[in-house]
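Each chain, letter by letter, is given below.
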Amino acid sequence: MKKIMRKVSILLAAALTVMSLAACSMKEPGSSDAGQPEPAPAEESAEDGADESGAPADAENQDKKIRVGFIVQDLTINYFLSVVQGVEDFQENYNMEVQVVDGHSDANTQVEAVENLVTQGVDCIVICPVDPVAPEAAVKEAQKAGIPVITWSEKIEGCDAWVAIDNYNYGFETGKLAGQWIVDHLENQEDAKVMYVYVQENEQLIQRGKGMEDGVASIAPNAQTIAVQSGNTTESGMKAVETVLVKEPDMNVIVCSNDSVALGAYEAMVAAGKQDADVCITGLDADQKNLEYIAEGTILKGTVDLSAYHQGDLLCDAVTQVLEKGTVEEPIYVKYSPVTEENVQEVLDQRASLESN
């Protein structure tokens, strides 16, 4: 009997314990309970600093192309075609989107181009000015709008960087080529009847022309100068030579300020039946067609390689420097090297290799 009563007591105690625990677990309205499981935090719709797609908020800015306006002097000049080709080929390496504008050898057209690019809100402007003074006001307006301006070849005062060609020494190099030809091929220097063709309305190109003349004189000081004409394109080069040939049919040396002019001189001389004569034409810029004529042993005897195509890379790099670091005070000089029949094939092979890659 005692055993039974003891079991009942144990059962009653257990029941009371359960009831007590149950009462403690009950929650009154409005009360708080630290023992109650905390509600799960609301799931964020997107991570901090991310858009709805989950991409970082600045990803759009990272992927945004740098918009650059390139204003050239004249796209009928082969040199500018080569530079533009380089710019267009290298732009992806610099995350750029380039817009090329042809200045048509007209200063007003270039000024309007600067103003239009400012209106479009590009990130940077690169210009090779026909006249370095004419765009000064437009350049200042671009800079006020937060758009840096890089000038190339000709320097515009107040520009953010200057990609420069030492025009005097550049012209001197092609003059030296012509002078060496005179010494090597003519019995007397006095037999050399030399014509120079370069732009005479632009200070930098006037300096180039002076370099051309001094380059010839440094090697063949007794050569005769029979004409100095203005020209910058194939057409103007041809017309200039045709005009001089009327009065000077024995002209045998033509030194040109670029290879477009040299090509026009070549065509004029060939049309006059002088393709097999003892004649020397030299130019500048190492245009492809001129290199081929030099390699074939024609009357086109030499040029100077300014690496026009790779200037596209140099100009893109200059844009990056200015946008990242601000104004570049020192000129960024372009390198060049002479080309004659002796090394022309090497230059052609290098270009072919680059194109194949």
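Anything mentioned here points back to the structure above.
Since this is a predicted model, take the numbers as computed values, not measurements.

The rules behind each value
- Residues numbered from 1 in each chain as written.
- Predicted model: local features only at pLDDT ≥ 70, side-chain atom pairs only at ≥ 80, totals over all residues.
- Heavy atoms only, no water.
- Helix = DSSP H or I, 4+ residues; strand = E, 2+ residues; numbered from the N terminus.
- Buried < 20%, exposed > 50% of the residue type's maximum accessible area, 1.4 Å probe, protein only.
- Contact = heavy atoms within 4.5 Å.
- Salt bridge = Lys/Arg side-chain N within 4 Å of Asp/Glu carboxyl O.
- Pairing = 2+ DSSP bridges.
- Axes fitted to C-alpha atoms, helices over the stretch in contact; angles between N-to-C directions.
- Core = buried A, V, L, I, M, F, W, Y, C linked by side-chain atoms within 4.5 Å.
- Expected span 1.5 Å × (residues − 1).
- Arc of directions from axis to C-beta.
- Polar contact = N/O pair within 3.5 Å; in protein donor to acceptor, adjacent residues only side chain to side chain.
- Phe/Tyr/Trp six-rings, centres within 6.5 Å; stacked < 30°, edge-to-face > 60°.
- Parallel < 35°, antiparallel > 145°, perpendicular 65-115°, else oblique.
- Nonpolar A, V, L, I, M, F, W, Y, C, P; charged D, E, K, R; others polar.
- Left-handed = near helix turned anticlockwise from the far one by under 90°.

Trainee: Give me the overall build of the protein chain: which residues, what numbers.
Mentor: Within the protein chain, the secondary structure is distributed over 12 helices and 12 strands. Scored against the burial criterion, the 357 residues of the protein chain give a buried share of 42%. Residue pairs in contact within the protein chain that sit at least 24 positions apart in sequence constitute 73% of those at least 6 positions apart.

Trainee: Pulling in residues and values, what's your account of the pattern of salt bridges?
Mentor: Oppositely charged side chains are able to pair whenever their charged atoms sit close together. Counting across every chain of the model gives six salt bridges. Residues E141 and K144 are paired through a salt bridge, measuring 3.5 Å at the closest nitrogen-oxygen approach. You can see E141 and its partner K144 sitting in helix α5 (residues 136-144), three residues apart, about one turn around the helix. Judged by its relative accessible area of 69%, K144 is exposed.

Trainee: Mind laying out the sheet that holds strand β10 (residues 300-305), listing which residues take part and the relevant values?
Mentor: Sheet architecture is open: six strands sit in the order β7-β6-β8-β9-β10-β12, paired in mixed fashion. Every other strand in the sheet has two partners, leaving β7 (224-229) and β12 (337-340) as the edge strands with one partner each. Within this sheet the neighbouring strands show an average axis-to-axis angle of 15°, counted without direction. Relative to β10, helix α10 (residues 288-295) is tilted by about 135°, and along the sheet it contacts β10 and β12.

Trainee: Break down the nonpolar core for me, citing the residues and quoting the values.
Mentor: Y79, V126, I150, W152, V163 and L315 are the most contacted members of the largest nonpolar core, which totals 35 residues. If you list the elements that add at least two residues to this core, you get β1 (66-72), α3 (78-90), β2 (96-102), β3 (124-127), β4 (149-153), β5 (161-164), α6 (167-185) and α11 (308-325). Among all residues touching L315, those that are not within four sequence positions of it are F70, V83, V87, V126, W152 and V163. One finds V244, A265, L291 and Y293 within the second-largest nonpolar core, a separate group that totals 29 residues.

Trainee: If you had to explain helix α7 (residues 203-219) to someone new, which residues and values would you point to?
Mentor: Here α7 spans 25 Å end to end across 17 residues, near enough to the 24 Å set by a 1.5 Å rise per residue. Turning to α7, its buried residues are L205, R208, G209, G211, M212, G215 and V216. For α7, the angular spread of buried residues about the axis comes to 155°, placing them on one side. Next to the buried residues of α7 lie α6, β6 (193-197) and β8 (253-256). Two or three places before Q204, at the opening of α7, N202 has a side-chain oxygen 3.0 Å from that residue's backbone nitrogen.

Trainee: Could you give an account of the sheet that holds β3, with specific residues and numbers?
Mentor: Across the sheet, six strands lie side by side as β2-β1-β3-β4-β5-β11; this open sheet has parallel pairing. Since the sheet does not close on itself, it has two edges, and those belong to β2 and β11 (332-333), each with one partner. In the packing of α11 onto the sheet, the strands contacted are β1, β2, β3, β4, β5 and β11, and the crossing angle to β4 comes to about 150°.

Trainee: Tell me what's going on with the packing of aromatic side chains, and back it up with residues and numbers.
Mentor: Any pair of aromatic rings gets described here by the distance separating the centres and the angle formed by the planes. This model, assessed by the stated rule, comprises six aromatic pairs. Measuring from ring centre to ring centre gives 4.9 Å for Y79 and F80, while their planes differ by 65°; the resulting arrangement is edge-to-face. Residue Y79 is classed as buried on the basis of its relative accessible area of 7%. Of the residues examined, F80 reaches a relative accessible area of 4% and is grouped as buried. Each member of the aromatic cluster is reached from another via a ring pair, and the members are Y79, F80 and W152.

Trainee: So what's going on with the packing of helix α4 (residues 107-120) against α5? Residues and values would help.
Mentor: At their nearest, the axes of α4 and α5 sit 9 Å apart, and the two run at 10° to each other. Of the possible angle classes, the one that applies to α4 and α5 is roughly parallel. Across the interface between the two elements, V111, V114, E115 and V118 from α4 touch A138, V139 and A142 from α5. The residue inventory of the contact of α4 with α5, partitioned by class, reads six nonpolar, no polar and one charged.

Trainee: Please provide a residue-by-residue account of α6, values included.
Mentor: Its 19 residues give α6 an end-to-end C-alpha distance of 27 Å, which sits within 8% of 27 Å, the value for a rise of 1.5 Å per residue. Taken residue by residue, α6 has N167, Y170, G171, E173, T174, G175, L177, A178, G179, W181 and I182 as its buried positions.

Trainee: Give me the lowdown on the packing of helix α9 (residues 259-271) against α10, citing residues and values where you can.
Mentor: To describe two helices that pack against each other, one gives the angle between their axes and the distance between the axes. Where α9 meets α10, the closest approach of the two axes is 9 Å, and the angle between their N-to-C directions is 50°. One finds that α9 runs oblique with respect to α10. As for the relative orientation of α9 and α10, their crossing is left-handed in sense. Together, D259, A262, L263 and Y266 of α9 and K289, N290 and Y293 of α10 make up the contact between the two elements. Here the residues of the contact of α9 with α10 sort into four nonpolar, one polar and two charged.

Trainee: Please give an account of unusual backbone geometry that cites residues and values.
Mentor: The phi dihedral of S153 is positive, around 75°, even though this residue is not glycine. Relative to the assigned elements, S153 resides in strand β4. A positive phi angle, near 110°, is found at D285, a position not held by glycine. Structurally, the position occupied by D285 is in the loop between β9 (280-282) and α10. What makes D285 buried here is its relative accessible area of 4%.

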